[in-house]
Amino acid sequence: MDEKKEVYHLEEAAIGGHLGARYNLGYVEGKSGRHERAMNHYIIAAKLGHDGSLVALKKGFMVGLVSKEDFASALRAHQAAIDAMKSPQRDAVSAALKK
């Protein structure tokens, strides 16, 4: 697979607001040794409600790649994004799927 092409399309999708693409960009950056850029991608996605990015961000915080302030800010924004997505209709569907 052409990695440049993959990164290009991930960047385009992330710019368009796709949280999974933002998370994947963080993964690619981390694998390439650009940990600061990876954490920035995770911060953005976590603030918009992406759970996987929050987990990756927590790991980055635990090893010292993310400051306490940045982690706390992302955590608060993540919770706000999750709360903003709640609705009675979503709760009803979630309850129905759990049965």
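Numbering of residues starts from 1 in every chain and runs along the sequence as written. Side-chain atom pairs in this predicted model are given and counted only at pLDDT of 80 or more, local residue features only at pLDDT of at least 70, and totals for whole chains, interfaces and linings cover all residues. Side-chain numbers here rest on the full set of heavy atoms in the structure, without hydrogens or water.

K.L.:
Honestly, the overall build of the protein chain in this entry has me stumped. Any pointers?
P.N.:
Tallying secondary structure elements over the protein chain gives six helices and zero strands in all. Element order for the protein chain, N to C, with α for helix and β for strand: α-α-α-α-α-α. Partly exposed residues are those whose accessible area sits between 20% and 50% of the maximum for their type, while under 20% is buried and over 50% is exposed, using a 1.4 Å probe and protein chains only. A total of 99 residues make up the protein chain; the buried ones form 29% of that total. Surface exposure here means Shrake-Rupley accessible area, sampled with a 1.4 Å probe, where a residue is shielded only by the protein chains that are shown. Counting only carbon and sulfur atoms, one obtains 57% of the accessible surface of the protein chain, whose full area is about 6900 Å². Strands here mean DSSP runs of E at least two residues long; helices mean DSSP runs of H or I at least four residues long; both are numbered from the N terminus.

K.L.:
Explanation requested: the packing of aromatic side chains in the structure shown.
P.N.:
Aromatic ring pairs are defined here through the distance separating the ring centres and the angle between the ring planes. Whether two aromatic rings pair depends on their centres lying within 6.5 Å, for rings of Phe, Tyr and Trp, where Trp uses its six-membered ring; planes under 30 degrees apart make the pair stacked, over 60 edge-to-face, and the rest tilted. Going through the model one piece at a time under the given rule, you end up with two aromatic pairs. Considering the side-chain rings of Tyr23 and Tyr42, the 5.5 Å spacing of their centres and the 45 degrees angle between planes classify their relative orientation as tilted. Taken together, the positions of Tyr23 in helix H2 (residues 19–31) and Tyr42 in helix H3 (residues 35–47) put the pair 19 residues apart, joining distant regions of the chain. Classification of Tyr23 as partly exposed rests on a relative accessible area of 26%.

K.L.:
Can you walk me through helix H1 (residues 3–15) in this structure?
P.N.:
For an α-helix, 3.6 residues make a turn, and residues three or four places apart therefore share a direction. With 13 residues, H1 should cover 18 Å at 1.5 Å per step; its first-to-last C-alpha distance of 18 Å lies within 8% of that length. Among all positions in H1, only Val7, Leu10 and Ala14 are buried. Buried residues of H1, seen end-on, are gathered within an arc of 65 degrees and therefore sit on one face of the element. Turned more than 90 degrees away from the buried face of H1 sit Lys4, Lys5 and Ile15, all of them exposed. Throughout, a contact is declared for two residues whenever any of their heavy atoms are within 4.5 Å. Those residues of H1 that are buried lie in contact with H2. Polar contacts, as used here, are pairs of N or O atoms within 3.5 Å; protein pairs need one atom able to donate a hydrogen and one able to accept it. Residues neighboring in sequence count only if both atoms are side-chain atoms. One side-chain oxygen at the N-terminal end of H1 lies 3.4 Å from the backbone nitrogen of Lys4; it belongs to Asp2. A positive phi of about 100 degrees marks Gly17, the residue just after H1. How far a helix is expected to stretch is found by multiplying one less than its residue total by 1.5 Å. It is the directions from the helix axis to the C-beta atoms that the arc portrays.

K.L.:
Please clarify how the pattern of salt bridges should be interpreted in this entry.
P.N.:
The working definition used for a salt bridge is a side-chain nitrogen of Lys or Arg within 4 Å of a carboxyl oxygen of Asp or Glu. The full count for this structure, using the stated rule, is three salt bridges. For Glu29, the salt bridge identified is with Arg37, shortest N-O distance 3.2 Å. You can call Glu29 buried: its relative accessible area is 5%. Assessed through its relative accessible area of 43%, Arg37 is described here as partly exposed. Asp83 is the partner of Lys86 in a salt bridge, and the nearest nitrogen-oxygen pair spans 3.8 Å. One network of salt bridges, in which partners are shared, links Glu29, Arg34 and Arg37.

K.L.:
Could you clarify how one ought to interpret the packing of H3 against helix H5 (residues 68–85) in this entry?
P.N.:
Between two packed helices, what matters for the description is the angle formed by their axes and the separation of those axes. Interaxial angle, 0 to 180 degrees, is taken between N-to-C directions of lines fitted to C-alpha atoms, where a helix line uses only the stretch in contact. Viewed as axis vectors pointing N to C, H3 and H5 meet at an angle of 30 degrees, and their least axial separation amounts to 7 Å. The orientation of H3 with respect to H5, classified from their angle, is roughly parallel. Along its contact with H3, which presents Ile43, Ala46 and Lys47, the element H5 presents Asp70, Ser73, Ala74, Ala77, His78 and Ala81. The classification used treats Ala, Val, Leu, Ile, Met, Phe, Trp, Tyr, Cys and Pro as nonpolar, Asp, Glu, Lys and Arg as charged, and all other residues, Gly among them, as polar. Within the contact of H3 with H5, the residues separate by chemical class into five nonpolar, two polar and two charged. Geometric relationships in this document are graded by angle, where less than 35 degrees denotes roughly parallel, more than 145 denotes roughly antiparallel, 65 to 115 denotes roughly perpendicular, and other angles denote oblique.

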